Amino acid sequence: MDFESLFTQICHDLEKSGDVKEISTRFSTCSTDAQRISFVLALDSVRARFQEPLSLAKRAISTPCKSQQLSTSHRVEGNNYYQKKLNWKAISSYNRSLLVGEGEALALAYANRSAVFHDTSDWLHSLRDIQLAFDHGYPKHLEYKLRERQGNCWLQLGHVRQAFISFNLARNLLLVTTTNAQQSHKDKLISINSKIVKLGDDANPTIGVSESNESAAASIERQIIKKRRTAPDLNRDSNALLPAASTSIELTDSDDRGRCLVATEDIQIGTTVIVEKALASILLEEFKESHCHHCLHWTPGPVPCHQCSQVGFCSTVCRDEAWASYHQSECGLTDSLHGTNVGHHGLLAVRTVLKVGRQRIMDASEDDGCNPAGGEVYESTDYGRTIHRLVGNTARRSVSDLFRRAVMAVYLTCLIQQKQQRDGKGDDPDEILAAAVLQLIQSYPCNAHEISHLAFPLPGTPSGPDLPSTLQQIRLCEIGAAAMPILSLINHSCDPNVVRDCYGDVIAVRAIRRIARGDEILDNYGYHYATHDKKERQLKLSQQYYFRCNCLACTQDWPRYEDAPKLINRPELYHPIHRDIGNFSSLSSGSCYPDGPPHLEESTRLFIGYLEAMDSDASIHLPVQEYSMAQEVLKHCWALSATLSPHLAVDV
C-alpha cells in the first residue's frame, strides 16, 4: 500500500481523536531513534492502520509466484516475435516467461532464448541458456537441437574440442530417435555428420565427454562477467586507512567542513582517485527485466529467482550471492516494497538493514558512545564505522518530519518481517531494525548516490532501422541507488573537481580539473553553476543538504554557461576546441556497443590536453564556455567507457 495514503489516514485518525497536539509534544521529547520507534509502536492508531496492508503483503507472499500457464503464454509470444525476426522483442518475451516459469516451462524458455542469442551471435549467453535448459529438465527427445546449437557456439568461440563433443552428442541422440519415416531427422543427421568430419581427427578429445562439458559449462558465466567493462585501477596504491581510495588522497577533519577528503599530492586531470563498491544498492522497479537485481549491470538474458517472479539476475552467481546476503529475507516482497512508494532512500535503507544484519546493527549501536579512534581504517564494508555514523541532520528536522519518517521506518520494518512471521517467527516489529531504518532514511537523502548508465537505442530499434544512432540520442539514465561510504565523505562544490562514473554497483571517481596538494576533493550534489543560478543553488542545497555553499562559483557569483564569456580572442584554442567537439558529437553510438568508439581514448587525451592548456594559462580566468564544453566532452568519454544500457528506449 502507498505509504503517503497510509500516513494521511493515520494523521486523520489522530486529528479525529483530538490527540495531535499531545502526541506531537510527547514525541518531541524523544531524543533517540530508538525512543521514536517505541513511541510510534505504542500508538494504537498506527497499529490499526497497518493491519490491512500487512495482511495484503502476507497474502502476496503466500500466493504462488510461478505459473506454467503464464510462462507458456509469454514463450508463445516470444516465438511469434522470433519468427518475424524481431529478436529483441522475442528476448523480452522470453525473459518474462523465465521470470514466472518453473520446471519444463523454464527449460523450454531458456532453450528458445538461446536460439535468439545464437542468431544474434551472442555465443556465450546462448551457451549459458543451453546449459540452464538442460539443468531444468529439457525434453530428451528434443535435446539434439540444443546439442547442435551448443556445438555451433563452441565452434564460433574457437573451442573445437567442446564443439566436437556437442556435435557427437547431437548425432548420437538423432541416431536413437530417427526412424525411416523421419526424413527431416535424416537430413539433420547428414548435416551434423558433415560438421564432425570438417573438425577432423584432431578435435577428438582425450577426456570424457561429460567431464569436458561440465568443466566448459561452469566457466561460461565467468567468461560473460569477464567481458564486462570494469572500473579503472587507482592511480596509486590503495590507501591503508581508506582502502577504496588511492594514496593521492586522505581523510581529514576540519571545524568548518567536518570529515572531508584532501589531496596528498598534486593530482592531474583524468586521475582515478577512488574506486568503490557499494555497501548496499537497489535497482529501480522499471529495470527489473533488464538489469541485475544484485550487481545492477545490464543483462540481455536475466536468470530468475528460484522462488519469486519479481527479480532477475545477470547470472546464477549473482542470484546465489543475493540469496545468501539479503534476498531470502525479501523474496516475494519486492513488489510490495516498491508499492509503498517510499522512494529510493526508503528502499535503500531496507536493503542496507537486510544486508548488514541485526547483529552488526546491534554492535554499531553499542559503539555509539565511543569516539572514533585516530588512524582507524575507513572500510566501505564496515557498516558500524561508516554508514552508521553518517549525519542525519536530526536536530534540524521538524517534529512532523521526524514523526513521518518514524512511521515510515516502522511500516517498512513490519513489511520485511511478514516473511519471518509467515515462517512462524515473532509477530512484534523488531525495534532494533526499525531504529536502524529510521537512522538511514534521515542520512541517505544527504549521502546516498544514484547509479546511472548511458542509455541508447539498440541496433535496428526506434532510432531508425539500419541507421546508426548519434550521440544526441544517448541519455544518462538513473537505474538505481547505492550506499557509498567513501563517496559520502566528499563535500559539494558548484564547480567540482571530480566526476563519478558507474560500473554496475561500482563507482569510479576521476579528477575533472587539476587538484593541488592540500586542496579538498569536491563533488557536485546536482546543482552546478553552469546550469543553475546562485539563488536556486543555495535554496536547493539548503533545503536538501542543510548547508550554505561558499565555493568560488558562489562567492564570485559565476554566470551560468550560456552567459559565460568565450575564448574568441584566443583563436589558437577557440577554433580547435569547437572543431574537435563537433567531430566528437558526430560519433555513432552504434560504435560504443559493446566495445566503445574506436577513438574514444584519443578523444579523452585530446580534451584532457585542452583543459590542461587552459589551466596552465594565467590569462584565462574561469568561467569560460570552452572550459565547460571540454569538461562535458571528457565526462562523456568516460561515461561511454563505463556501463551502458543499450536496451533502453531513448526519446530524441
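Draft legend 1. Spotlight on empty space enclosed by the protein. Taken as a whole and judged by the stated rule, the model has 2 cavities of 30 Å³ or more. Roughly 100 Å³ of internal volume is contained in the largest cavity. Surrounding the largest cavity, Ile282, Leu283, His293, Glu330, Thr334, Leu337, His338, Leu347, Val350 and Arg351 form its lining. Looking at the lining of the largest cavity, the elements with two or more residues in it are strand 6 (280-283), helix 14 (334-339) and helix 15 (343-356).

Draft legend 2. View of the pairing of strand 12 (residues 498-503). A large share of strand 12 lies buried, amounting to 5 of its 6 residues. In the sheet, strand 12 pairs with strand 13 (residues 506-511) via 6 bridges, with the strands oriented antiparallel. Bridging across to strand 13, Val498 finds its partner in Ala511. Connecting the antiparallel pair strand 12 and strand 13 is a turn made up of 2 residues, with Gly504 showing a positive phi of about 65 degrees.

Draft legend 3. Up close: the layout of surface pockets. The space that makes up the second largest pocket amounts to roughly 940 Å³. Along the walls of the second largest pocket sit 37 residues, with Arg257, Asn491, His492, Glu520 and Tyr525 positioned nearest its centre. The set of elements that each furnish at least two residues to the lining of the second largest pocket consists of strand 4 (258-263), helix 19 (431-447), strand 11 (491-492) and helix 21 (552-555). Classifying every residue of the lining of the second largest pocket by side-chain character gives 18 nonpolar, 9 polar and 10 charged.

Draft legend 4. Focus on a negative patch on the surface. Residues Asp363, Glu366, Asp367 and Asp368 make up a contiguous surface patch of negative charge. Note on placement: Glu366 falls in helix 16 (residues 358-366).

Draft legend 5. Broad picture of the side chain of His492. Summarising the element assignment, His492 is placed in strand 11. Relative accessible area serves as the criterion here: at 5%, His492 is assigned to the buried category. A polar atom in the side chain of His492 sits 3.4 Å from the backbone nitrogen of Cys494. His492 has contacts with Arg257, Leu522, Asp523, Asn524, Tyr525, Tyr527, Leu541, Phe547 and Cys549, leaving out every residue within four places of it along the chain.

Draft legend 6. Spatial organisation of the sheet that holds strand 9 (residues 449-455). One open sheet holds the 4 strands; their spatial order is 6-10-9-15, and the pairing between them is mixed. Of all strands in the sheet, those with a lone pairing partner are strand 6 and strand 15 (644-645), marking the two edges. Direction of pairing for strand 9 relative to strand 15: parallel, over a ladder of 2 bridges. By the bridge assignment for strand 15, Ala455 is matched with Ser645.

The rules behind the values
- Residues numbered from 1 in each chain as written.
- Predicted model: local features only at pLDDT ≥ 70, side-chain atom pairs only at ≥ 80, totals over all residues.
- Heavy atoms only, no water.
- 1 Å grid on protein atoms, 1.4 Å probe; cavity = no way out; pocket = protein on both sides within 12 Å on 5 of 7 lines; lining within 4 Å.
- Points joined across faces, edges and corners; volume = space filled by probe spheres on them.
- Helix = DSSP H or I, 4+ residues; strand = E, 2+ residues; numbered from the N terminus.
- Buried < 20%, exposed > 50% of the residue type's maximum accessible area, 1.4 Å probe, protein only.
- Pairing = 2+ DSSP bridges.
- Nonpolar A, V, L, I, M, F, W, Y, C, P; charged D, E, K, R; others polar.
- Patch = residues over 30% accessible without salt bridge, like charges linked within 9 Å, V, L, I, M, F, W, Y side chains within 5 Å.
- Areas by Shrake-Rupley, 256 points an atom, 1.4 Å probe, with all protein chains shown as cover.
- Salt bridge = Lys/Arg side-chain N within 4 Å of Asp/Glu carboxyl O.
- Lys, Arg positive; Asp, Glu negative; His and termini not counted.
- Charge placed at Lys NZ, Arg CZ, Asp CG, Glu CD.
- Polar contact = N/O pair within 3.5 Å; in protein donor to acceptor, adjacent residues only side chain to side chain.
- Contact = heavy atoms within 4.5 Å.

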